[in-house]
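Analysis of the macromolecular model
Residue-level listing of the chains:
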Amino acid sequence: MKLLVVMPFYNEEGVGSKYAKEIIKSLKQENILFDYLLIDDCSLDNTYFELKSISDFEKNITIHKNKQNLGHGKTVLYGYQYAYKNNYDGVVEIDGDNAGNPDSINELIQYAVNNKLDHCLATRVNRPDSLARKIITFVLYLNLLIRFNVFTKDSNVGIRYINKKLISEINFLKASELSIPNAFITYLSYKKKLKVGEFPVKMRDNVRENRIDELWGTGNNFRSIMKLLRGSFKCFLEVNLK
């Protein structure tokens, strides 16, 4: 089995490349073959150059930089399409924000493969995010549960395993129009009656107040809460109108 690890990064200077090295080191412990696609979403700092330095020492790493900032959703979709076009058996998405414990993610992968899951999503343990972000995740869970019978608690989580069967079902054009395509893919896996599972992944504190151009807002002050609510309202409309 050969899997592609897709890691999106945005303004993760001083952190992202170190985290990628941790992931690579952890996954080397297993017998599955891994390639890595590290994607810089047109960062404003030195994230790309730090990621590029890793590929000088690792042959199975591809570094890609978006020509413009596409956002998290379109960036991970690029990775899924790359995996599909290059005939990988599946994808492991790992957000490059230094949040998920590498060994815990490794356990998720082994759980998914050993149980022959089509889709396995992380349940974040000790999630460091603000209460506002946790509430929004819970509201999305209730929304998808009531409307579409999606039982996954964290449908938009950025740590997951997806096999080739599910990737082949994705309408990439439609998904690219959404702000939270990962939630759509979770819904799709239920609609197609695929084998879906969840696995607890330990999280570590990755909240940085000085992070450049935080997309969604940390939810730790009034301004960021308002930013977070605006994005969440847009996603709510997508779920219920599209």
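Residues numbered from 1 in each chain as written. Predicted model: local features only at pLDDT ≥ 70, side-chain atom pairs only at ≥ 80, totals over all residues. Heavy atoms only, no water.

1. A closer look at the pairing of strand 2 (residues 33–40)
Working note: regular strand, side chains alternate between the two faces of the sheet. In terms of burial, strand 2 is largely enclosed, as seven of its eight residues are buried. Relative to strand 2, strand 1 (residues 2–9) is paired through eight bridges, and the arrangement is parallel. Bridging from a neighbouring strand, Val6 pairs with Leu37 of strand 2. With five bridges connecting them, strand 2 and strand 3 (residues 61–65) associate as parallel partners. Across the sheet, residue Leu37 finds its bridge partner in strand 3, namely Thr62. Traced from strand 2 through helix 2 (residues 47–55) to strand 3, the parallel crossover comes out right-handed. (Buried < 20%, exposed > 50% of the residue type's maximum accessible area, 1.4 Å probe, protein only. Helix = DSSP H or I, 4+ residues; strand = E, 2+ residues; numbered from the N terminus. Pairing = 2+ DSSP bridges. Right-handed = clockwise from strand over helix to strand, strands pointing away.)

2. A look at the pattern of salt bridges
Per the counting criterion, the structure on display carries six salt bridges. Asp35 is paired through a salt bridge with Lys2; the nearest N and O atoms lie 3.3 Å apart. Separated by 33 residues along the polypeptide, Asp35 in strand 2 and Lys2 in strand 1 bring together distant segments of the chain. What makes Asp35 buried here is its relative accessible area of 13%. On the basis of relative accessibility, which here comes to 36%, the residue Lys2 falls in the partly exposed class. The partner of Glu93 in a salt bridge is Arg160, with the nearest N and O atoms 3.9 Å apart. In this pair, Glu93 is assigned in strand 4 (residues 90–94) and Arg160 in strand 6 (residues 159–163), connecting sequence segments 67 residues apart. The same class applies to Glu93 and to Arg160, which are both buried. (Salt bridge = Lys/Arg side-chain N within 4 Å of Asp/Glu carboxyl O.)

3. Section: the environment of Tyr36
Relative to the elements of secondary structure, Tyr36 occurs in strand 2. On the basis of relative accessible area, Tyr36 is assigned to the buried category, the value being 3%. Between the C-alpha atom of Tyr36 and that of Val6, which follows or precedes it by 30 residues, the distance is 6.2 Å. Residues in contact with Tyr36, not counting those within four places in the same chain, are Leu4, Val5, Ile23, Ile24, Leu27, Asn60, Ile61 and Thr62. (Contact = heavy atoms within 4.5 Å.)

4. Structural notes on a nonpolar patch on the surface
Taken together, the side chains of Leu131, Ile135 and Val139 make up a nonpolar region of the molecular surface, amounting to roughly 290 Å² of accessible area. With respect to the element layout, Val139 can be found in helix 5 (residues 131–148). (Patch = residues over 30% accessible without salt bridge, like charges linked within 9 Å, V, L, I, M, F, W, Y side chains within 5 Å. Areas by Shrake-Rupley, 256 points an atom, 1.4 Å probe, with all protein chains shown as cover.)

5. Focus: the packing of helix 3 (residues 72–85) against helix 8 (residues 181–191)
At a minimum axis separation of 8 Å, helix 3 and helix 8 run at an interaxial angle of 55°. In terms of axis orientation, helix 3 runs oblique to helix 8. Where helix 3 abuts helix 8, its residues His72, Gly73, Val76, Leu77 and Tyr80 lie against Pro181, Asn182 and Ile185. Among the residues making up the contact of helix 3 with helix 8, the classes are represented as five nonpolar, three polar and no charged. (Axes fitted to C-alpha atoms, helices over the stretch in contact; angles between N-to-C directions. Parallel < 35°, antiparallel > 145°, perpendicular 65-115°, else oblique. Nonpolar A, V, L, I, M, F, W, Y, C, P; charged D, E, K, R; others polar.)

6. Looking at the pairing of strand 5 (residues 119–125)
Bridge count for strand 5 against strand 6 is three bridges, and the pairing is antiparallel. Bridged to His119 within strand 6 is Ile162. Bridge analysis of strand 5 against strand 7 (residues 196–202) gives seven bridges, and the strand direction is parallel. Within strand 7, the position partnered with Val125 by the bridge is Lys202.

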